[in-house]
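# Per-entry structural report
Chain by chain, the residues:
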Amino acid sequence: MGIFYEEPKVYAPKEVVDLGPQSKEMYLRANVKAPRMAGIVIKIAVWLLESWIIARIATYILKKDNLIYKLISFAEQIESPWFAPLHPPKDHEEQETKSIQSDLTPPERVEQAMDCLPPCPETVADSSFTFWRWTIRDYSRAYLSGETTPTMVAVRLLAAVKHSLEPNLQMGFFIEQNTEDILKQATESTLRYERGEPISVLDGVPIAVKDEIDCLPYPTTGGTTWLHKVRPCKGDACCVQHLRSCGAILVGKTNMHELGTGISGINPHYGVTKNPYNIKRICGGSSSGSAAVVAAGLCPAALGVDGGGSVRLPAALCGVVGFKPTFGCISHTGVLPLNWTVGSIGILAGTVEDVLIVHAAISDHIVPSEPAYSPPRMEFPQLKSTSSISNINLAKYSEWFNDSNAEIRSCCDQALTKLSTHYGWKTVEVTLPDIEAMRLAHYLTIGSECTTSLGPHLDKSNTKQFGWDTRLAMSLYGAFSGKEYLNAQRLRRRQMYFHREIFKIADVIVTPTTGVTAYTIQSDALKTGELDYINGASLVRYMIAGNFLGLPAITVPIGYDKEGLPIGLQFIGQPWAEATLLHLAFATQAICMENYRDPEVFFDLLKKE
């Protein structure tokens, strides 16, 4: 078959590639050649790809037309593979941070994080947080003042979720909730407040968990109808244990794109999770429900898993903050092993302050399988003043940055101008080569790891229980060879070198979070799911370095398009530089917050009048 593919790319040695603004490296726009498929069309495609002879021809054409053969399969490169994006302790200092002892308990870490935050109003009524979402500290203040109780909030939350399921909304926030368990947690928290003994600021605060993370008493389905039967949930994930030890109320398992194989949040088994800003639009995925419950006011924060932008992407589309830390920063014990080397637990929250609080609770810097990589000391950003963050250089690859729609591009440029004006931050023009090759290498990696992980369970009966879109995706994933996987890991090493070189002259890389805003939910996808790789490529365009290279990244809402759909700005940071990312996100939030808008669907659990 070799005669049918284009001349393979020959990659120059990474050390000789010019990363400056005048580089002759060409930016290759994604030119995805795959039709949108849903309804009867996707069923036919599944039948074809599950037919052995036809599948070989079809996958060959797809690989050829989408440049996988050219950029990965047969490409010439001298780098050796790099199999896991583990990073040694950082060798740089961050500004205005507080070092945290490694042996502190989660409540003690949360207390240390609280000391890094600006003052909070004494009562909910006096809160300066004047836009739509209440923060973790607002809940805590309301409980301490007696204005409400965790039990009252839990009752309101359950009523709101019930309302969200009515025919005129059908928001699809959760896969499962246990009313008895939620009220039990709330009652115990209420009694602690009555005794004057709350565990932490998180005590009584509702937190939702993506159904990819173990959390008793719920099964962990991964958005499927069968995976929990072959992999029963036997206990809380490590991150859930930490939240529970802080007194948080775990309020259910949020909806997700089945097995994380898509970015729309349309799940044919549990319904589509709709965008609170416009219920006719997607909310993104695969941590769809976690983003939507935060945007709709049901929780100030939620947990997700980010394997291909799955936290940051829906956060941006739903107008909330989405944070993915450095690979290895948070233990993955108790998380579905769908993608070993690209996935990280992430946090979705209404504010950067709430991200820090939850980050403090769940971070433990554990990489148990690689003892040679000792974790760095934990540092929290001092967010009491943004003026202390100075001399910040933002790396911007303009051709990549501008590969978004006009409204996103304009909004992000305006945000950069504001950041320069308010804080004196400078934008440094750079070149990041082979962005499209990295996207394809990541897709090949996450697909190969997903099918390998599920391999022991993928008999014909289980495969037929997938949604049609997931069946199609799994067929494509299964077409990748060991040679292609190894070549993808060679590109991983190459890209890590480029990013390290960029970080020698810049503190972070700045991009739009997505290339497009939330697109319309089409009725033909509701029962079968959909495969829309063209929109998908636009949505994940800026996601890949965070996952493929294990870098920390954060998205902050900065504005809206003409239809009122949220737009996010993303900062990609150096390994273990979470404190700097949170600093920059907090400063960005401060200058954009006055323009934040209420979503179309919102539930006020603190009953603001």
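Please refer to the structure placed before this passage.
Throughout, residues of each chain are indexed from 1 in the direction in which the sequence is written. For a predicted model such as this one, the threshold for reporting local features is a pLDDT of at least 70, and the threshold for listing and counting side-chain atom pairs is 80 or more; totals across whole chains, interfaces and linings nevertheless cover every residue. Think of the side-chain values as coming from all heavy atoms in the structure, minus any hydrogens and water.

With that out of the way, let us pick up the packing of helix α1 (residues 39-49) against helix α17 (residues 468-477). Two measures define how a pair of helices packs: the angle their axes make with one another and the distance between the axes. Under this scheme, a helix contributes an axis fitted over its contacting stretch, all axes are lines through C-alpha atoms, and angles between N-to-C directions fall in the 0 to 180 degree range. Segments assigned H or I by DSSP are reported as helices when at least four residues long, segments assigned E as strands when at least two residues long, and all are numbered from the N terminus. Put simply, α1 and α17 touch, their axes get as near as 9 Å, and they point 30 degrees apart. Judged by the twist between their axes, the crossing of α1 over α17 is left-handed. For the pair α1 and α17, the contacting residues are I42, K43, A45, V46 and L49 in the first and W468, D469, R471, L472, S475 and L476 in the second. Left-handed describes a crossing whose near helix is turned anticlockwise from the far helix through less than a right angle; right-handed describes the clockwise counterpart. Residue contacts are defined here by distance: any two heavy atoms, one from each residue, within 4.5 Å place the two residues in contact.

All right, on to the environment of E436 then. Considering the arrangement of structural elements, one finds E436 in helix α15 (residues 435-454). Spatially, the C-alpha atom of E436 lies 6.2 Å from that of A30, the residues being 406 residues apart in sequence. In this view, E436 contacts L28, A30 and L71; residues no more than four positions away in its chain are not counted.

By the element assignment, G289 lies in helix α10 (residues 288-295). As for G289 and A75, which are separated by 214 residues in sequence, their C-alpha atoms are 39 Å apart.

Geometry of aromatic contacts follows a simple scheme: Phe, Tyr and Trp rings, the Trp one being its six-membered ring, pair when their centres are within 6.5 Å, and the pair is stacked under 30 degrees between planes, edge-to-face over 60, tilted otherwise. This structure, assessed with the given rule, holds 13 aromatic pairs. Taken together, Y443, Y477, F480 and Y533 form an aromatic cluster joined through their ring pairs. Only lysine NZ and arginine CZ atoms are considered, and such an atom sits over a ring when it is within 6 Å of the ring centre and within 35 degrees of the ring normal. The ring of W468 carries R471 above its face, with NZ or CZ at 4.7 Å from the centroid. Note that R500 overlies the ring of W82, its terminal NZ or CZ placed 5.7 Å from the centroid.

Once that is clear, we can look at the packing of α15 against α17. It is at 9 Å that the axes of α15 and α17 come closest, and there the two elements cross at 105 degrees. One finds that α15 runs roughly perpendicular with respect to α17. On α17, the residues that touch Y443, G447, C450, T451 and L454 of α15 are M474, L476 and Y477. Orientation categories follow fixed angle ranges, with anything under 35 degrees roughly parallel, anything over 145 roughly antiparallel, 65 to 115 roughly perpendicular, and all other angles oblique.

Limitation: the analysis is restricted to geometry and does not speak to function.
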